[in-house]
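One-letter residues, chain by chain:
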Amino acid sequence: MIRRPPRSTLFPYTTLFRSLRLGQDETTNLVTFGAGSKLSDNTSILTKLSLWRSRKESGTDTLFDGLIGAAYRPLGRYSLYMLSSLRFKYDRMGSAITNDSTKNLITSHEATYKVSPRWTLHGKYAGKYTWEDFAGKKFTAYTDMILAGINYDITRKWGFGVHAKLMNQYETKMHSIGYIVSTGYNVYKNLYIGVGYNSSELNDRDLSGNDYKKDGFFIEFKFKFDENLLDSLGVFKGERKPE
């Protein structure tokens, strides 16, 4: 049974362990962990960890992904919402002859300000520092992204947005300036369907996160799974709500 967590306490954590034997000489294990805490009505923190390992006769491949984040969502009609995260990824190809490995440290900070019932401003900065060991040689690189834009609610369910995007890869001296134009419709309270166009040729999924879009025309689906949705489905029916 799913239970509603009380305020200002640790959310029930989730764990997952899977082991799969793909052959006589290969076994794959996956372990995941996630937990969150609502520090106040306005502030929450979240952590997620995952470890994937594949043991083969030629060596062991390892992929670790860890994230910690904080969100600030004050109550009020016109409010400033902020979200920050720090993520570390480690990828080692122990089964390869060269035993290559890559480490990424990714930071992301974004803010959304609702100026009026129809107009919303959005900004984001994300950066990634990379350490790579390839064929016995070591490389480092830094890539970052700046995103700024505005959204306009044509109706309560129909919206339109324009964003400018700047991406930089400093070691290769590559820079990309582009724009993203999109429009979408809230089919249901937590379900959004949209279409748009992304002119940026330089993209990085680690920096864009959930907003990642391949260059050119795109279709997007967004679904928000939260306590309000569970309430509407009657999951918490009969439970006493927190004071």
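On a predicted model such as this, the values are computed, not experimentally measured, just so you know. (Residues numbered from 1 in each chain as written. Predicted model: local features only at pLDDT ≥ 70, side-chain atom pairs only at ≥ 80, totals over all residues. Heavy atoms only, no water.)

Moving on, we get to the overall build of the protein chain. For the protein chain, the helix and strand inventory stands at two helices and 12 strands. Listing each helix as α and each strand as β along the protein chain from the N terminus yields β-β-β-β-β-β-β-β-β-β-β-α-β-α. Relative to its 243 residues, the protein chain shows a buried fraction of 30%. The long-range share in the protein chain, meaning contacts at least 24 apart out of those at least 6 apart in sequence, stands at 43%. (Helix = DSSP H or I, 4+ residues; strand = E, 2+ residues; numbered from the N terminus. Buried < 20%, exposed > 50% of the residue type's maximum accessible area, 1.4 Å probe, protein only. Contact = heavy atoms within 4.5 Å.)

Okay, the packing of aromatic side chains next. For the structure shown, the criterion picks out eight aromatic pairs. Between Y179 and Y197, the ring centres sit 6.2 Å apart and the planes meet at 40 degrees, which makes this aromatic pair tilted. With Y179 in strand 10 (residues 174–188) and Y197 in strand 11 (residues 191–198), this pair connects stretches of sequence that are 18 residues apart. Note on Y179: relative accessible area 41%, which makes it partly exposed. (Phe/Tyr/Trp six-rings, centres within 6.5 Å; stacked < 30°, edge-to-face > 60°.)

A few words now on the pattern of salt bridges. With the rule as written, the count across this model stands at seven salt bridges. The partner of R87 in a salt bridge is D206, and the shortest N-O contact between them spans 3.8 Å. Here R87, found in strand 5 (residues 80–93), pairs with D206, found in helix 1 (residues 205–208); they are 119 residues apart in sequence, far enough to count as distant. By relative accessible area, D206 is classed as buried at 17%. Where salt bridges share partners, they join D65, R87, K89, K128, D204 and D206 into one cluster. (Salt bridge = Lys/Arg side-chain N within 4 Å of Asp/Glu carboxyl O.)

Below, the discussion takes up the pairing of strand 5. Two strands pair when backbone bridges link them, and strand 4 (residues 59–72) and strand 5 are joined in this way by 12 bridges, in the antiparallel orientation. Within strand 5, the residue paired with D65 across the bridge is K89. (Pairing = 2+ DSSP bridges.)

Here we come to the nonpolar core. Where a protein is soluble and globular, its nonpolar side chains tend to be buried together. Counting residues in hydrophobic clusters, the biggest one holds seven residues: I106, A126, M145, L147, M167, L202 and L207. Those residues in contact with M167, other than ones at most four positions away along the chain, are T143, D144, M145, M174, H175, S176, L202, N203, D204 and L207. (Core = buried A, V, L, I, M, F, W, Y, C linked by side-chain atoms within 4.5 Å.)

Here strand 2 (residues 26–38) pairs with strand 3 (residues 43–56) via 13 bridges, running antiparallel. When the bridges of strand 3 are listed, F33 appears paired with L49. Bridge count for strand 3 against strand 4 is 14 bridges, and the pairing is antiparallel. From the neighbouring strand, W52 faces strand 4, where its bridge partner is L63.

On to unusual backbone geometry. The general pattern is negative phi for most residues beyond glycine and trans for most peptide bonds. The backbone of K173 sits at a positive phi, close to 60 degrees, despite the residue not being glycine. Within the fold, K173 resides in the loop between strand 9 (158–169) and strand 10. Judged by relative accessible area, K173 falls into the exposed class, the value being 69%.

Let us look at the side chain of T28. One can find T28 in strand 2. Its relative accessible area of 11% is what places T28 among the buried residues. A polar atom in the side chain of T28 sits 3.4 Å from the side chain of S54. (Polar contact = N/O pair within 3.5 Å; in protein donor to acceptor, adjacent residues only side chain to side chain.)

Confidence in the prediction of the protein chain, expressed as mean pLDDT, is 81, and 78% of residues score 70 or more. Here residues 1–12 is a poorly scored stretch, pLDDT under 50, and it has 30 contacts once near neighbours within four places are set aside; other chains count. Taken together, the stretch residues 235–243 has pLDDT below 50 and engages in 15 contacts with residues farther than four places along the chain or on a different chain. (pLDDT = per-residue confidence, 0-100.)

Moving on, we get to the environment of V115. As for its position among the elements, V115 is in the loop between strand 6 (101–114) and strand 7 (119–134). Note: C-alpha distance between V115 and S79 (36 residues apart in sequence) is 7.8 Å.

Assignment of secondary structure puts L49 in strand 3. Spatially, the C-alpha atom of L49 lies 5.8 Å from that of D65, the residues being 16 residues apart in sequence. Not counting residues within four places of it along the chain, the set of residues in contact with L49 comprises V31, T32, F33, F64, D65, G66 and L67.

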